[in-house]
Amino acid sequence: MSGIIVWLRHDLRLRDNPALHAASSGDGPVYPLYILEEAANHDWPAGSASRLWLHHSLAALDRQLRDKKSRLILRHGAAAKVIRQLLKDTGADTVYWNRRYEPDRVRIDQGLKQELDRDGYSVQSFKANMLFEPHEISNRQGDPYKVFTPFWKTCRSHGQPARPLPVPARMQPPRRWPKSDKLGEFSLTPGIPWDKPILEHWQPGTEGAERNLRSFLNRIDDYETDRDFPDRDGVSRLSPHLHFGEISSREIWHQVLLRENRAGRMTPSSRVMNYLRQLAWREFAHHLLFHFPHTGTRPLREEYEAFPWQHNKQHLLAWQRGLTGYPIVDAGMRELWMSGWMHNRVRMITGSFLVKDLLIHWLEGARWFWDTLVDADLANNTLGWQWVGGCGADAAPYFRIFNPITQSEKFDADGNYLRTWLPELARLDRPWIHKPWQAPADVLRQAGIRLGEDYPEPIVDHAEARRQALAALQSMNAARRSQPD
Ligand code: FAD
């Protein structure tokens, strides 16, 4: 065999990598390739935090490959052109990849496969990144699901996902490696002092993913009780690793089951099922984006196209910077900026504040998250934002408006999360830390806080903002009713 190019994308791992595994089982040389596809996704070019992560993830993957006497070939440009060139450079006749599901990417992959097939190359794609691929799951009528619970029930009726594949024992290196770009030439790391704090919180690459999984498996029994509390170590923090494919969801699934078996349970406890159910939300998100490809930028529920959003730049800026005057919102937005990640409960609270208290379009929020999250993922981000905006599948109804004070009191009762991310409020006790503007003057003085100077006054009054949000919803509904059928 003259050689196989393995085009790696959202599967930056050696273990449970079907394309790499299949390529390595033959005698011919294997060419692991990563392409920086700058123009692959016009609406959503990779954000700053994702690019930073990618840089370190590619470096980690190359190290792993080199341990196996292989290496990662880096190229940039349009995928079709790069792959054709590499086929020419190497004399390889086969291309393997693991499937991806974002609408733009599906189009690129399908077009390329057709082209290469036509020209006599062999192309094969594999299932690697989902437990259940979007086309495998449908309702009785053969339609995609728009509600999570029956989707999950159908997924479960498909039985266990396949077991993960081992790291290939050997990848035949070519006699001569083709030229590769240098990782530094990709200019992925931002030129601002931003990478350091993020890298203090994360270790991009499979090693970091496996470390987070091991640590989480020791805590998984508490997931159900702790997952909603941002000051507890309650969640797995696997989302960026999953997004970049440094670990597979099959691997996580089976490691969880193995841990249950070792604890003497042949079927997972309901607490553990709760975690597997969260993994299925990721599946649901990809299912939705695949079947409703317009939803990356437009609401699934069409009536929300006419929602009377407001465009207050000052409010948007205050939200982005964590200066709204609502501590739980500000703590979340600062956690995001400083660590590239935000706890799910706080994503819901900050998201709700943007679209309901500030009446700012959910896409503005989605775009900010896209740029700042290390786990920015088009399917999950779209699902999350349309959920908070009330305009997506199985979404929280728009009229259910989170109160940022009661959410804060309920999910961070002692204010530990707030103190971590808002050092200026560190000396304020509860109940005032959840609502500093209501604190008596002497309490503020003793805590060393001058409202409006050290920490902002609230930029909107929540009760009034809530009234306005409900009025906006009513006006959208009234406009819809008055339209001819
Ligand atoms: P865990 O609770 O440990 O869950 C394990 C895995 O399950 C996660 O890594 C993730 O892959 C999946 N998962 C969990 N909850 C969800 C969910 N609600 N939707 C989809 N998948 C889920 N997640 C992203 O990965 N990327 C995003 O860009 C993203 N944007 C979001 C935006 C908003 C407004 C909201 C409300 C949620 C968003 N989420 C996103 C979903 C969720 O907040 C994160 O997946 C989760 O916080 C990641 O932390 P974890 O790995 O510790 O999660």
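Computed from a predicted structure; not experimentally measured. (Residues numbered from 1 in each chain as written. Predicted model: local features only at pLDDT ≥ 70, side-chain atom pairs only at ≥ 80, totals over all residues. Heavy atoms only, no water.)

Q: Can you lay out empty space enclosed by the protein for me, pointing to particular residues and giving the numbers?
A: All told, the structure shown has five cavities of 30 Å³ or more when counted by the stated rule. Estimates place the volume of the largest cavity at around 420 Å³. For the largest cavity, the lining is made up of 26 residues, of which His10, Tyr34, Ala46, Leu54 and Arg105 are closest to its centre. Secondary-structure elements contributing two or more residues to the lining of the largest cavity are β1 (4–8), β2 (30–36) and α2 (48–67). Here the lining of the largest cavity is built from residues that sort into 15 nonpolar, four polar and seven charged. Estimates place the volume of the second largest cavity at around 110 Å³. For the second largest cavity, the full set of lining residues is His10, Arg100, Tyr101, Glu102, Asn129, Met130, Leu242, His243, Arg282, His286 and Asp377. Broken down by class, the residue content of the lining of the second largest cavity amounts to three nonpolar, four polar and four charged. (1 Å grid on protein atoms, 1.4 Å probe; cavity = no way out; pocket = protein on both sides within 12 Å on 5 of 7 lines; lining within 4 Å. Points joined across faces, edges and corners; volume = space filled by probe spheres on them. Helix = DSSP H or I, 4+ residues; strand = E, 2+ residues; numbered from the N terminus. Nonpolar A, V, L, I, M, F, W, Y, C, P; charged D, E, K, R; others polar.)

Q: Provide a residue-level description of the side chain of His254, including the pertinent values.
A: Structurally, His254 can be placed in helix α10 (residues 249–262). Judged by relative accessible area, which is 11%, His254 ranks as buried. A polar contact is formed between the side chain of His254 and the backbone oxygen of Pro161, at a distance of 2.7 Å. Not counting residues within four places of it along the chain, the set of residues in contact with His254 comprises Gln160, Pro161, Ala162, Arg163 and Pro164. (Buried < 20%, exposed > 50% of the residue type's maximum accessible area, 1.4 Å probe, protein only. Polar contact = N/O pair within 3.5 Å; in protein donor to acceptor, adjacent residues only side chain to side chain. Contact = heavy atoms within 4.5 Å.)

Q: Lay out the packing of aromatic side chains with the relevant residues and their values.
A: Scanning the model with the defined rule gives 28 aromatic pairs in all. Here the aromatic rings of Tyr145 and Phe151 are separated by 6.2 Å at their centres, their planes lie at 80°, and the arrangement is edge-to-face. Each member of the pair, Tyr145 as well as Phe151, carries the same accessibility label: buried. A ring pair is formed by Phe229 and Phe411, whose centres lie 5.6 Å apart and whose planes are at 55°; its orientation type is tilted. Linking Phe229 in the loop between α8 (223–226) and α9 (239–243) with Phe411 in helix α17 (residues 404–411), this pair joins segments that are 182 residues apart in sequence. A single burial state applies to Phe229 and to Phe411, both of which are buried. Through a chain of ring-to-ring contacts, three or more aromatic side chains come together here, namely Tyr145, Phe148, Phe151, Trp281 and Phe284. (Phe/Tyr/Trp six-rings, centres within 6.5 Å; stacked < 30°, edge-to-face > 60°.)

Q: Give me the layout of surface pockets: which residues, what numbers.
A: Taken as a whole, the largest pocket spans an internal volume of roughly 1,100 Å³. As for the largest pocket, its lining consists of 37 residues, and the residues nearest its centre are Gln278, Trp281, Asn344, Arg347 and Asn380. Those elements that place two or more of their residues in the lining of the largest pocket are α9, α11 (270–291), α14 (344–357) and α16 (378–388). In terms of residue count, the dominant contributor to the lining of the largest pocket is α16 (seven residues). Its residues assigned to classes, the lining of the largest pocket comprises 18 nonpolar, 10 polar and nine charged.

Q: Now, about the site of the ligand: what can you tell me, with residues and values included?
A: In the region of the ligand, 26 residues are neighbours, and Tyr223, Ser236, Arg237, Asn344 and Asp375 sit closest. Measuring from a nitrogen atom of the ligand, one finds a side-chain N or O atom of Gln278 at 3.1 Å. One of the side-chain nitrogen or oxygen atoms of Arg347 is found 3.4 Å away from an oxygen atom of the ligand. In isolation the ligand has 820 Å² of accessible area, and contact with the protein removes 96% of it. Here the ligand occupies the largest pocket. Looking at the shell around the ligand, the elements with two or more residues in it are α9, α11, α14 and α16. In terms of residue class, the shell around the ligand is built from 14 nonpolar, seven polar and five charged. (Near = heavy atom within 4 Å. Areas by Shrake-Rupley, 256 points an atom, 1.4 Å probe, with all protein chains shown as cover. Sits in = over half its atoms within 2 Å of the grid points.)

Q: Give me the sheet that holds strand β5 (residues 122–126): which residues, what numbers.
A: Read across the sheet, five strands follow the order β3-β2-β1-β4-β5 without closing on themselves; strand pairing throughout is parallel. The outermost strands of the open sheet, each flanked by one partner alone, are β3 (73–76) and β5. Strand-to-strand twist across the sheet, computed as the mean angle between neighbouring axes with direction ignored, equals 25°. The pairing of β1 with β2 spans five bridges and is parallel. Within the sheet, the bridge partner assigned to Trp7 lies in β2 and is Leu33. Across the face of the sheet, helix α4 (residues 103–118) comes into contact with β1, β4 (94–98) and β5 while running at roughly 160° to β4. (Pairing = 2+ DSSP bridges. Axes fitted to C-alpha atoms, helices over the stretch in contact; angles between N-to-C directions.)

Q: Give me the lowdown on α10, citing residues and values where you can.
A: Compared with the 20 Å implied by 1.5 Å per residue over 14 residues, the 20 Å span of α10 between its first and last C-alpha is a close match. Along α10, 10 of the 14 residues are buried, which leaves the element largely enclosed by surrounding structure. Within the span of α10, buried status applies to Ser249, Arg250, Glu251, Ile252, Trp253, His254, Val256, Leu257, Arg259 and Glu260. Each element contacted by the buried residues of α10 is listed here: α1 (18–24), α5 (148–157), α7 (206–217), α9 and α11. Backbone geometry just after α10 places Gly264 at a positive phi near 85°. (Expected span 1.5 Å × (residues − 1).)

Q: So what about unusual backbone geometry? Which residues, and what values?
A: Residue Arg430 is joined to Pro431 through a cis peptide bond whose omega torsion reads 5°. Counting through the fold element by element, Pro431 comes out in the loop between α18 (416–421) and α19 (441–446). Of note, Ser187 is a non-glycine position whose phi angle comes to about 50°, a positive value. Here Ser187 shows up in the loop between α5 and α6 (195–201). Positive phi values are uncommon outside glycine, yet Leu359 reaches one of about 55°. Relative to the assigned elements, Leu359 resides in the loop between α14 and α15 (362–372).

Q: With reference to specific residues and values, describe the nonpolar core.
A: Judged by nonpolar contacts, the single largest core of 125 residues is most densely connected at Leu58, Tyr275 and Trp319. Among the elements that line this core, the one with the most residues is α11, at 10 residues. Non-local contacts of Tyr275, meaning those with residues more than four positions away in its chain, are made with Phe216, Ile220, Tyr223, Ser236, Leu238, Ile252 and Val256. Formed by 18 residues, the second largest nonpolar core is a distinct cluster that contains Trp7, Tyr31, Ile83 and Val95. (Core = buried A, V, L, I, M, F, W, Y, C linked by side-chain atoms within 4.5 Å.)

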